[in-house]
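A structural walkthrough
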Amino acid sequence: MLTGEKILLRPLNFYDVEKFYKWRNDLHVKKLAMMHPFPVTMESEKEWVESISKKKDNQLVVFSICEKETGNCIGFVKLFNINWVHRYCYFGIVIGEDSARGKGYGYEALTLISHYAFNILNINKITLEVIKINEDAIKLYKNFGFIEEGELKRQFYFDGKWHAVLIMSLFKKTNE
């Protein structure tokens, strides 16, 4: 478990499935997190959580984001496509609970997971893709130190429109 001031990151468990099911069927969440547009069943969510618990390839790390005070699961964060040779990975986050947005939980989750990536896993670079209309997320990433490395035009189709996607990265600070 990774513990911050307001949140903790813990492994996924089956108690989280109902919330994941709700969030992954919320069109607003799907758009901002660039998820597929297809309906998600409760059974497929259970299978997703189970498949994560069985993974042994060390290319994916997923944590539930929970309020420290209540234990309430408010989202999830992941490092994926971990490349152990070149020491980079991709990052994704979902704050699924509307009431949890704008409280600094995303920043704190990013603080905890980047420390884990850089200091425990010895990753050198964390990369993410963010839909260009998600201004709150882009502001968060820039404030955290991510730099924009590129833009993919007409990359993500949702709600009858094509959207650009930004590629942003955060590098491990070194003493070089």
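Residues numbered from 1 in each chain as written. Predicted model: local features only at pLDDT ≥ 70, side-chain atom pairs only at ≥ 80, totals over all residues. Heavy atoms only, no water.

As named in an unreviewed UniProt entry, the protein is N-acetyltransferase, taken from Mariniphaga anaerophila.

Turning our attention to the packing of helix α4 (residues 105–120) against helix α5 (residues 135–144). For the pair α4 and α5, the least separation of the axes is 11 Å and the interaxial angle reads 45 degrees. Looking at the two axes, α4 sits oblique to α5. Viewed along their axes, α4 and α5 form a crossing whose handedness is right-handed. The segment α4 lies against α5, with G106, Y107, L110, T111 and S114 engaging L140, Y141, N143 and F144. Considered class by class, the residues forming the contact of α4 with α5 number five nonpolar, four polar and no charged. (Axes fitted to C-alpha atoms, helices over the stretch in contact; angles between N-to-C directions. Helix = DSSP H or I, 4+ residues; strand = E, 2+ residues; numbered from the N terminus. Parallel < 35°, antiparallel > 145°, perpendicular 65-115°, else oblique. Left-handed = near helix turned anticlockwise from the far one by under 90°. Contact = heavy atoms within 4.5 Å. Nonpolar A, V, L, I, M, F, W, Y, C, P; charged D, E, K, R; others polar.)

Counting across every chain of the model gives eight salt bridges. Between E97 and K22 there is a salt bridge, and its shortest N-O distance comes to 3.4 Å. One end of the pair, E97, is in the loop between β5 (88–95) and α4; the other, K22, is in helix α1 (residues 17–23), with 75 residues separating them in the sequence. What makes E97 buried here is its relative accessible area of 13%. Given the relative accessible area of 47%, K22 is considered partly exposed. The partner of K153 in a salt bridge is E151, with the nearest N and O atoms 3.4 Å apart. A relative accessible area of 30% places E151 in the partly exposed class. (Salt bridge = Lys/Arg side-chain N within 4 Å of Asp/Glu carboxyl O. Buried < 20%, exposed > 50% of the residue type's maximum accessible area, 1.4 Å probe, protein only.)

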